[in-house]
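# Coordinate inspection notes
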Amino acid sequence: MPILGQNQYGKAENRVVRITRDGATHHIKDLNVSVALSGDMEEVHYSGSNANVLPTDTTKNTVYAFAKEHGIESAEQFGIHLARHFVTSQEPIRTARIRVEEYSWERIETPGEDEHSFVRQGQETRLTQITYDGSAWEVVSGLKDLTVMNSTNSEFWGYVKDKYTTLPEAYDRILATEVSSRWRFNWTDDAQEAPDWEESYAQVKKHMLGAFADTYSLSLQQTLYAMGSRIIENRGEIDEVRFSLPNKHHFLVDLEPFGLKNDNEVYFAADRPYGLIEATVLRDGVEPRIPVDLTNL
């Protein structure tokens, strides 16, 4: 007889926007929340009995109700509230996984006193995944679609060459990438003091960008390691960082047919194919837990 393996269910991509009104000054939290629940769910698969099933529509309603009841202090804290609720309120549910994408808005400054106008920021999307099994927490946060560039201070030479190699060595090149990163917190127990999630995110991003800008790069791999190392060295609440960095190639355009010299001034920005550099940076003595394939997180 076939045996049921890992299974989960829930409501994906619940879009919730929470406005907090502080007089004439308003604040926005804009989230995309996905809920996945697992536990004693064998019978619904084997016989179709829904006796242990909390409807996915209910999980959707809970997201919106919690946005009102608890507010949205941070993506992480909101996910923690939801995960704890589902595991502790429904006996058949053993584990809850909450994934959150957060979209940033920037205030539009106006001459008046009203502060309720915003423009969507075009930088990264903030991410978090909260997993709770009734006793232990795992919080993995991150970001995606953060595009960065150094217009110099990057080289690439001394690499292996074979009969198929045509790439010329570069001693002054553009280094650009679209950062996708996840980092795992060492907060796992309610008895521990939880990090300041908002401050932690801001500081991780600051160190990530600072290392990218400060590193004279001989390879994107070197830059990746510098970014991860600076986070681990400066943020004690984080044990593991993983990056997926596509190399956004910029090739010098040959202007000689037009009688022009291209002195590292005019480039062709290629969107594909691209080099893809991926690695994890860990605190010494820590075992990796972030999946190698970030598309699954």
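Numbers given for residues are sequential positions, taken from 1 along each chain in its written order. In keeping with the predicted nature of the model, local features appear solely for residues at pLDDT of at least 70, side-chain atom pairs appear and are counted solely at 80 or more, and the whole-chain, interface and lining totals rest on all residues. Note: side-chain values were computed over all heavy atoms of the structure, leaving out hydrogens and water.

## Remarks on the pattern of salt bridges
Pairing between side chains becomes possible if they bear opposite charge and their charged atoms approach one another. As a reminder, the rule being used: Here, a salt bridge means any Lys or Arg side-chain nitrogen found within 4 Å of an Asp or Glu carboxyl oxygen. The cut-offs for exposure are 20% and 50% of the maximum accessible area for each residue type, with area from a 1.4 Å probe on protein chains only; residues under the lower value are buried, those over the upper are exposed, and the others partly exposed.
The tally for this structure, following the rule as stated, stands at 17 salt bridges. Lys161 is paired through a salt bridge with Glu169; the nearest N and O atoms lie 2.8 Å apart. Notably, a salt bridge pairs Arg272 with Asp271, separated by 3.9 Å at the nearest N-O pair. With relative accessibility at 65%, the residue Arg272 sits in the exposed group. Where salt bridges share partners, they join Lys29, Glu76, Glu102, Arg126 and Glu198 into one cluster.

## Re the packing of helix H2 (residues 56–69) against helix H3 (residues 75–89)
Formally: Angles run from 0 to 180 degrees between N-to-C directions of axes, and those axes are lines fitted to C-alpha atoms, restricted for helices to the stretch in contact. The helix count covers DSSP runs of H or I at least four residues long, the strand count covers runs of E at least two residues long, and both are numbered beginning at the N terminus. Note on angle classes: values under 35 degrees are labelled roughly parallel, values over 145 roughly antiparallel, values of 65 to 115 roughly perpendicular, and the remainder oblique. Two helices crossing with the near one rotated counterclockwise from the far one by less than a right angle form a left-handed crossing, whereas a clockwise rotation gives a right-handed crossing. When checking whether two residues touch, look at their non-hydrogen atoms; a contact exists if any pair is within 4.5 Å.
One can describe the packing of H2 onto H3 by two numbers: an axis separation of 11 Å at closest approach and a directional angle of 130°. Compared by their axis directions, H2 and H3 come out oblique. Between H2 and H3 the crossing geometry is right-handed. Mapping the contact onto sequence places Thr59, Thr62, Val63, Phe66 and Ala67 in H2 and Phe78, His81, Leu82, His85 and Phe86 in H3.

## Here we look at the sheet that holds strand E12 (residues 275–282)
Quick note on the threshold: The pairing criterion is simple: DSSP has to find at least two bridges between the two strands.
Taken in spatial order, the eight strands line up as E1-E2-E3-E6-E7-E8-E9-E12 in an open sheet, and their pairing is antiparallel. Looking at the sheet topology across the chains shown, the edges are occupied by strand E1 (14–22) and E12. Pairs of neighbouring strands in the sheet enclose a mean axial angle of 20°, with direction left out of account. Docked against the sheet, H2 engages E1 and strand E2 (25–39), running at close to 10° with respect to E1. Each of E2, strand E6 (125–132), strand E7 (137–150), strand E8 (175–185) and strand E9 (238–247) is contacted by helix H4 (residues 197–214), which is oriented at about 35° to E7, the strand it contacts most.

## Remarks on the packing of aromatic side chains
To be explicit about the condition: Ring pairs are drawn from Phe, Tyr and Trp, using the six-membered ring of Trp, whenever the two centres fall within 6.5 Å, and their geometry is named by plane angle: stacked under 30 degrees, edge-to-face over 60, tilted for the rest.
Taken as a whole, this structure holds seven aromatic pairs when the rule is applied. Residues Phe156 and Tyr159 carry aromatic rings whose centres are separated by 4.8 Å and whose planes lie at 20° to one another, so their mutual orientation is stacked. Overall, Phe156 belongs to the partly exposed group, its relative accessible area being 27%. For Tyr159, a relative accessible area of 16% gives the class buried. Relative to Trp197, the ring of Trp187 has its centre 5.8 Å away and its plane inclined at 80°; by these criteria the two rings are edge-to-face. Here Trp187, found in the loop between E8 and H4, pairs with Trp197, found in helix H4; they are ten residues apart in sequence, far enough to count as distant.

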